[in-house]
Structures are given as structure tokens and as C-alpha cells.
Amino acid sequence: MTGTVEALINLMMADQVAIPLLDPILNILYGIPLLGHLLALILWKPLFAALICPGFATLGGLLMLLPWIERKLVARIQWRIGPHEILPQMGGVIQLLADSLRFLFQEVIVHRDAKQPYFLQFPVLSFIPALLPLLFIPAGTIIAIESPYGAQIVLAMVTLFPLFILGLGWASNSRFAYIGTVREAFVYFGYEIALIVSAFAMIVLYGTSDPLAISGMQQVPGIILNPVAALAFFIASAMATSRLPFEIPEADQELAGGPHVEYSGILFGLIYVISYEKVYILSGLMTLLFLGGGSGPEIRVLGDLSGLIWFILKTLLVMIALIALRAIYPRYRLDQALRIGWNPVFTLSTIAVGVSLMEVLLL
Amino acid sequence: MRKVVAPDYTVFEHVKRHVEAVKTAIREAIIPESVTCSYPKERRKMPASFRGYLIFDPDRCISCFGCAFICPANAIRMKEAEDGRYYPTIDYGKCIFCHFCLDSCPEGALKPTKIHDVAYRDLDRMLTLTEEMIEPPEIIREDKRYVEYVIDGRDLHLRRVDGEDELLVDLPPPSKVERIASCIDPESCTGCRICEEVCEHGVIRSSVEEDGVRMVIDSERCTGCGLCVKECSMRVLRLVRR
Amino acid sequence: MGGLLEWKVRAPDKPMKDRLYFDGLKANVIDTGLCSRCLTCACICPVDGIRVVDDKVDFPDREERCRDCGACIRVCPRFDYRPKYGMGDYLEFTAARSKRFSGQDGGMVTEIMISAIEMGMIDRGLFVGRDERWRPQVFHLHDSSQLEVGTLSGTKYTFATVLKELKKAVLLTRNGVGVVGTPCIVSGVRKLQMEFPLFRDRVRLVIGLFCTENFHYDELMSFLEKKGIKPEMLIKTDITKGRFIATMVDGEVKFKVKELEEILPSGCSVCTDFTAVESDVSVGSVGSEPGFSTVVVRGKSAEEVIAYIREKGYAEFGEGDPGQLDFLIDYKVGRFYVKTKDDKD
Ligand SMILES: Cc1cc2nc3c(=O)[nH]c(=O)nc-3n(C[C@H](O)[C@H](O)[C@H](O)COP(=O)(O)OP(=O)(O)OC[C@H]3O[C@@H](n4cnc5c(N)ncnc54)[C@H](O)[C@@H]3O)c2cc1C
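All values derive from a computational prediction rather than experimental measurement. (Residues numbered from 1 in each chain as written. Chains lettered and ligands numbered in written order. Predicted model: local features only at pLDDT ≥ 70, side-chain atom pairs only at ≥ 80, totals over all residues. Heavy atoms only, no water.)

1. Thoughts on the site of the ligand
Residues and elements named next belong to chain C. Taken together, the neighbourhood of the ligand is formed by 32 residues, with Gln104, Asp105, Thr110, Val128 and Val286 sitting nearest. With respect to the ligand, the backbone of valine 109 contributes an N or O atom lying 3.2 Å from an oxygen atom. At 3.4 Å from an oxygen atom of the ligand is found a main-chain nitrogen or oxygen belonging to glycine 284. Surface burial for the ligand is 99%, taken as the share of its 900 Å² of free accessible area covered by protein chains. (Near = heavy atom within 4 Å. Polar contact = N/O pair within 3.5 Å; in protein donor to acceptor, adjacent residues only side chain to side chain. Areas by Shrake-Rupley, 256 points an atom, 1.4 Å probe, with all protein chains shown as cover.)

Here it is as C-alpha cells:
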């Protein structure tokens, strides 16, 4: 019994997140029974990746912060002020906390015609495609599951998202939700192939799809190696998040509110954050494929955390770029979006594959 | 029919435009302009002709009903006062602040203010009685500065100036086409002399003579209030340009 | 239109010195039983004070409200009464039945009025409708869809306040007004037009109805109730060939008109005008076959309307026989002499 525990702890100790700065403190803490064990468990790289970063905790933190950043940024660009009244000293940062409290205490209405079990399940289930891909994205050297097919798996998971949204639109069983759902499906057709093909171009370029290997290979970041792929991937991600220039399923101003019109309360809150989750994951993927993942000038004392910080910073940058689009472009019509998806972006992504092939052959 | 066609840009022009848009966004994100006025801490400076709440001067009112008559929202009702005359009351729940009443008042008894933010406890209280209209409505002011919007070239800018904006304005009554009452169809006049009775300034006079009634309008003194025109049962009186 | 700052209103002589004009009217017309209850005085009264009290025209609060302008005396057709009688002048005597509307007889009154509205000659016509208890009510007719209530056409043998509405109609109208009424109403309108240009220009079409007599509402109803006729059940009232015919939901009651003599208003017994000689067009039932209205065209405006109806084929025209009217014309003149002789006695 104790043998197995001992073996497990040794296993975990062999693969700890190394932080030279904190080593003295950590060493003391490890000595304390139970707390030490717990610490070892948390700092075990795979678990750290899943639970802390880039996994659950980071996601949660970002979800709290991202809408605020979005509102504030867009307001600035548009000469407004943005959230202000809640904690005015800090520019209303906790606005979303207030919002989520409201969502939490609002009544969840399940209308009579809804397909009840599915109606309740889908918002919760949609966290699966949000959390799973995070297991395969490395923050520097920290990764939950190492796999030679990491990049493909993440893409596959991301393209699962619309399925859940279609699901909840269907479960709402209301014509307004249906309209939004169908539009969601259309947009999905528009970006999916371009997204996959441009990522494919990068995989061809690197010759591997192991995330750790990919980030290790980018002495020169991918965006310089293949800018065409980067552009195609960026536009496709913007469409994939179905946010403002491509906010076609929701289209508040014209439609009733997309696939989730019938949702209220905390279930609506869950759905509300889906698009931010997508932004996070796609930005992570973009960072991995084009911006060299966690690579950057290494800060010795922070050890593994240095790569993590670089990764988060780059991801944040990509996220802000994706979010700021909202302030720059008005919404495209459905047909325009499809045309953009199939015409320029798809062309760009195929060209990107050609560019990759050429580079591979030449270098 | 003219069809609107999308401009035919080349790829290069498209790219240029996108870059321009992104550049503008980045510029604004870094050094943003702002056009938001943080009312109530500051207050927008309104022009003197702003159409806000009204004040009323009963000494000038001639009870001509002109305001009540013209009010497109039916917000003005005339109420009989203790002196037997009729004065306007305004239901601000209905009022659309068009200031037609003010423009139509022949005697300048209604005056504008720049006050636009009055709170009421319930709908009934929005019916403002004559007595309450003599003084400007009471409001709580938190503003320490006022804001002006200035347009220079293409852009709109916000200018903040310290100090309180004076909300009571002293405008001369609106100028209007001068009109006087006159009779358009003397033969149809019944000679009832109601016009003489309603005229506030004693402009219409009648004298009973041997074979009938002689009616005279003193055009010099007629203010064109239209009271007689409204009361004339045969509608033979009309306001004409002086 | 320019304006005048000084003008003169002609006032009639006061019939009673030091009293109101209306007192004079009351003494000379109302109290002497000459009043036909046409309400022309109520139409012109600037303070709108004249009304019907106990089946009599009166101005109850005249001491306070009367402006003493004398307009009521100027317009009263029975003040300085010159009885009219006979067929009067006419341009055409014919009989017709409307194809579009049903009415008392041939529905021609309704047809003429609607046609005039369609032609744009007038924009409103004053019609007498009724409530379910047969109380007469005056309506402003603008277009034929208003006729769907079904009670606007057809004869009500009770005095209606048509002229009380006339001033309102005249002040509201854009094109002109049409009026339907009994001969006394027609005379009142003509007197108004003579005295006041306002009415001269705006009342464009005056349709007179043949009339031997009319009744006060309360008296007629209590009479009918004595006969076992409930007003609620009544569908149509008619006087033909000396008989009063009341058609009800569940049958018909007929009786001799002579019986109604006991409630004959005195104003009617001094009236000799059967055919409404002063109208633009007179319409009645005598003088044509059943189902047809007799139409006596007298004025230019009416002639135009009839031409329009002919052109559009809205009515079917038949033969009218002026001879048939003679009896009733003579009857009314005779009644007048009997009455005036009675009074002298
Ligand atoms: C009181 C009275 C007595 C009549 N006596 C005779 C008579 O003795 N002999 C004869 O041949 N014809 C008489 N008539 C006319 C006759 O009854 C029809 O009204 C006439 O033939 C028109 O019929 P119509 O179908 O063409 O009219 P419709 O199309 O039916 O229209 C009838 C019109 O008469 C109007 N009207 C109804 N009642 C009154 C009223 N009380 N006062 C004013 N207007 C009213 C209605 O508003 C309607 O416009 C009398 C009418 C009335 C009102």
C-alpha cells in the first residue's frame, strides 16, 4: 500500500513544474505531510496543465476578464467609456462578476415545448470541447497529454463546438432558435475547411504535429515562415468564434438572438461564455502554430513558468486582436460571410499549403 | 429606379482600406477621444432655445386657450382658477416638449427653461398645476462643470468647462407673423357680440343702433390672440396678416 | 378673402319692445301653435341655447344666456308666415327605384344623396336614423358604408333635430352639405340661406320629402303602444292610402290615419306645403307605383344628380303621375282652413 503511494509520489516528483525561484520554499513545503503531497500533486506537470494553466483556472480567470477587456477596448475605440459604475476606481473590472451573479440568481425557464433533458444538458456539455483541447496545448513546456497528433486533436475538438450549439438550438424547439441554428450551421460550413487547411499547411511545414515539437521548432515564428497561412487561420478563427464581424447566428439587431434565445439564467451564462472559450482555444492554437508557443527570452529564475508566461502573453495578444475586430468591422451578411469563407480565405489557405510545400522542398 | 452598386475596388484598394480601418482602431485604442458626457456629474450646455420645462406667468395670460388648442399631445388642459379665469395646466406625462404652446402664446405668458430632468413619484404628479408652473421646477444639481460639443473640421470634440450652466433663460417671446382679427363674411354675422365679450383688451366694440348693430375692431390694439375667432359661432372672424 | 374691421349687422324689428327677441318669437310662433318644430332657430342660435322642452321649442335659461341678436327671428320660417302650397315649379316629374339601396319606397333619397357625394358635389349629407326605440337621431353621412347599420333610410314619423346639426355640418364641410327633410325643414334651410351667406354657399342639395304630417315622439309611441305596438319590435312604419302600417318582427298592424288626428301637432295642421316646393328635389311615395319613389326635380343641382344617376344606371326610372298628388295637396290646404277657422271661433 505505502509502496504504491511512494511510487506514485516518485513518479510525480520526477515530472514537477520547476520554479528555481521558489525552490527553497517548495522544499520546505514538500516536507510537510499531506500538504506536501497535495502540492506535489498540483505541481505535477500534467495535472498543473489541466487544472491551472493553460487549463481550468486560466480559462476561468480569462472568462471573467475577457468580456471586460472587450467592452473596455471596444468602448475606447468607439469613443465611449464602457463598464464603469461597478468598482469605478478600477474601471469596472468586476462588471462580469456582477453579471454572472445576476445570471446565477435568475430563474432558468424551460419552456413547455423544449426538449427538456437535452435543453438542460447541452449548455453544460458544451464545456467538453472547451476543456479537452486545452489538454493538448502546451504552455511552454507544460502540457497535460503529450501526443504526436496534438494539433489535429485540438482542431478536431474545436470543430466539435458547433455541434453542441446546433444541439441546443434544436433542443430549444422554437422557430427563432432554429433560424439562428441554421445560420450557425452555414457559417460553420464557411470557415471549417479554411481553418483546417491552413493549420494543415503549418503541420506540413513543421513536418510534425506534436505540439511540444512544433513550439520547439520555431526559432523563426510560423507567422514569418508562412504569413499566408497565418492570415487565413486568423480570419477563419474570427469566423469560428462567431463574434462581431461574423456574428451571424446571433445577429441581435435583426434576429431574436440566435440559437440560445430560449435560454435564461445560469444556462444562458454558460452559453454566453462559449464564444470566449473559443476565442481562448483558437488563440492558443494560433500562438502554438504561428507565434512559437511558449518560446521567448528565457527568464531563468522562473524555470518552467517562463514559457508559460510567454505563452499567456502571446495568447492574450491574439485574443485582443480577435476581440478588437468587433470595433472595426460591421457585421457581414450571411452570404457575404460564406463568400469570404469559400473565396478569399479558402484560396489563401490553399496557397498557404503551396507555400509550405515549396519551403519544405527548398530548405 | 436607381440601383445601388457596391464600389468596384481592386484587391489593393481593399487591402488599403482594411489597413486604414485597423490603423484608426489602434490609434483610438491608444489615445482615445471621448464624447460621453457623465451626466449628472457634468451637464451638457444646451442652447438658449432648448425646449425644456415651461414656466408660466399668470399676469400675462389672457385665457385664450391657444396653448391648449395647439398642443398636439393634448397635454395642456385649461383649469378654472379662483378668479374665474382659465389657466393652463400641463401634464408632463403627455407633453412632448414641442413648445408649440410657447410659440403660439400671443402674450408671452409661457417661458422656456433649459431644465429637462425632473423626477416624479407617480404619473398623477406629472400633471403640473398652474401654481406649480409659476416657479421653475425643483431639481437636484450635482454638476460642477458643463460640457460643450465642438465640431472642428471633421471631428466632434468634447469641451469641459468648469462652472454651472444657467438653466433659466431670458429669451424675448418668439417673434411671429403679426395678425389681427377681422370679419370675412359680415353678412353672415348674427350680431351676437360674443366676440366683444371675450376680447381681453376691449378691441372689439359694438354699438346698437336704430336698425342694427355696428361692430368695430380696433386694429391698432388687436394682439391677434384669436379668442374671438375661436368663439365666433358663425366662424366669420378670421386672423389675417396685419 | 380680405377682412373687414368694421361692419354692420341688420337687426329685425323687435316684435315685443323691451323683451328679448326670443320672447317675441315665443309669443308670435310657439305659443300660437304655428311652430313646426323645424329647429331653424336652434341652428342659428350663437349660444346654442334653444332646445325642445316638452315637445315645444324653448330657450329655458334665456335670461342669462341669450345674446338677444335676433337671429332666431330672422330665420324662423313661421314668423311672418306665408304658407306655400301646390306642386310648385318643377323641371321634371318622374318615378324611380334605386338599384343600389332599399328604402322606404324606392330608396331614391338615399340614392340621390350618395350619388351627390360620389359626384363630389357634397361631402356630407344629414340623415335621420333611429335607435332601437325609434328615437330619431341625426347622422352625418360621408360614404355608403355607413348605411350598413340599416336604420338610416326609411321614414320615421317623428320630428328629428336635423337642423340643429346643420350648423356643425356647414362649419365642418369642405365641399358642401346635403340635407333631407320634411317641407318645414326645407323652408327653414331656405330662410337660413336667404339670411346668411354662409349657408347659401355651403348647403348645396336640399331634398324635400312629401309630408302630410309628422308627430311628437312621445305621443306617437304611446299611441302605438295603445295599439299593441312595441317600438323595439317595429321594423318599418308607413302611411299609404290613408292607413298607418306598422310592420313588426312578428306581423303587421294597420289602422286608419284619421285615428292619429288626436295627436296631430298644431304646427302640422297649419302647414299647406305637401310637396316641399322650395326644395331642390322632392321625393315621396304618392304619384308612382308601389316600390317606386316619386321624384320631383326642381333645382339645377338636383337635375345634375339625376343625370348622373341616369348615366351610371343606378336607378330604374318609371312613370310618375302628378294627378295623384292633387288629393293630398288639397287635403292639406283644406285642413289649414278648417284649423284657422277653428282658431277664429
Ligand atoms: C314625417 C313624414 C311624413 C311623410 N308623409 C308622406 C305622405 O303623406 N305621402 C307621401 O307620399 N310621402 C310621405 N313621406 C315621404 C315618404 O315616407 C318617404 O320618405 C319618401 O317616399 C322617400 O322614400 P325613399 O325610399 O326614396 O327614401 P329613403 O331612401 O328610404 O330615405 C328616407 C329619408 O328620409 C329621412 N327621414 C326619415 N324620417 C325623417 C324625419 N322624421 N324627418 C326628416 N327626415 C327623415 C331619412 O333620413 C332618409 O334620408 C313622408 C315622410 C316623412 C318623414
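2. Digging into the UniProt feature "transmembrane region" (unreviewed entry) in chain A
Residues and elements named next belong to chain A. Under the UniProt annotation, "transmembrane region" (unreviewed entry) lies at residues 21–42, 48–69, 122–145, 151–173, 185–208, 220–240, 308–329 and 341–362. For residues 185–208, the end-to-end C-alpha separation is 31 Å, with 92% helix and 0% strand making up the annotated structure. In residues 341–362, helix accounts for 100% and strand for 0%; the two terminal C-alpha atoms are 30 Å from one another. (UniProt positions renumbered as here; feature names shortened; annotations may be inferred. Helix = DSSP H or I, 4+ residues; strand = E, 2+ residues; numbered from the N terminus.)

3. Considerations on the interface of chain A and chain B
Facing 10 residues of chain A, the contacting portion of chain B comprises 15 residues. Carbon and sulfur atoms supply 63% of the area that chain A and chain B bury against each other, a total of about 1,100 Å² over both sides. The largest per-residue losses of area from chain A upon contact with chain B belong to Arg76, Trp79 and Ile328 of chain A, which jointly make up 60% of the total buried on that side. Counting across the interface, chain A meets chain B through 0 salt bridges. Scanning the region where chain A abuts chain B turns up 5 residue pairs in polar contact (both at pLDDT 80 or more). For the side of chain A that touches chain B, the leading source of residues is helix α5 (residues 56–77) of chain A, giving 3 residues. (Contact = heavy atoms within 4.5 Å. Buried area = accessible area lost by both parts, 1.4 Å probe. Salt bridge = Lys/Arg side-chain N within 4 Å of Asp/Glu carboxyl O.)

4. What about the pairing of strand β1 (residues 6–10) of chain C?
Every other side chain in a regular strand lies on the same face of the sheet, so the side chains alternate between the two faces. The alternating pattern of β1 of chain C places Trp7 and Val9 of chain C on a buried face, while none of Glu6, Lys8 and Arg10 of chain C, on the opposite face, is buried. As paired strands, strand β11 (residues 212–217) of chain B and β1 of chain C are joined by 5 bridges and run antiparallel to one another. Among the inter-strand pairings, valine 216 of chain B is bridged to a residue of β1 of chain C, identified as glutamate 6 of chain C. (Buried < 20%, exposed > 50% of the residue type's maximum accessible area, 1.4 Å probe, protein only. Pairing = 2+ DSSP bridges.)

5. Looking at helix α7 (residues 116–125) of chain A
Residue and element names in this part refer to chain A. All of the buried residues in α7 are Phe119, Phe122 and Pro123. Summarising the axial view, the buried residues of α7 lie within an arc of 90°, below the 170-degree limit, and thus occupy one face. If you follow the buried residues of α7, they end up packed against α10 (161–172) and α15 (265–290). (Arc of directions from axis to C-beta.)

6. Topic: the interface of chain C and chain B
Taken together, the contacts link 27 residues of chain C with 30 residues of chain B. Here chain C and chain B share an interface that buries about 2,500 Å² over both sides, 59% of which is from carbon and sulfur atoms. The largest share of the area that chain C buries against chain B comes from Leu5, Trp7 and Arg67 of chain C, three residues that together contribute 31% of it. A salt bridge links glutamate 197 of chain B to arginine 67 of chain C; the nearest nitrogen and oxygen atoms lie 2.7 Å apart. In this structure, the connection of chain C to chain B is made through 11 residue pairs in polar contact (both at pLDDT 80 or more). Within the residue set of the side of chain C that touches chain B, elements represented by two or more residues are β1, α4 (71–75), α6 (162–172) and α8 (197–202) of chain C.

7. A closer look at the environment of phenylalanine 105 of chain A
You can see phenylalanine 105 of chain A is positioned in helix α6 (residues 95–105). Spatially, the C-alpha atoms of phenylalanine 105 of chain A and isoleucine 266 of chain A are 7.5 Å apart, while their sequence positions differ by 161 residues.

8. Description of unusual backbone geometry
With an omega of 10°, the peptide bond running from cysteine 53 of chain A to proline 54 of chain A counts as cis. Relative to the helices and strands, proline 54 of chain A is located in the loop between α4 (45–51) and α5. Backbone torsion omega between tyrosine 39 of chain B and proline 40 of chain B reads 5°, so that peptide bond is classified as cis. In the Ramachandran plot, tryptophan 79 of chain A falls in the positive-phi region, its phi being about 65° despite a non-glycine side chain. Although it is not a glycine, aspartate 68 of chain C adopts a positive phi angle of roughly 55°. You can see aspartate 68 of chain C is positioned in the loop between α3 (62–65) and α4.

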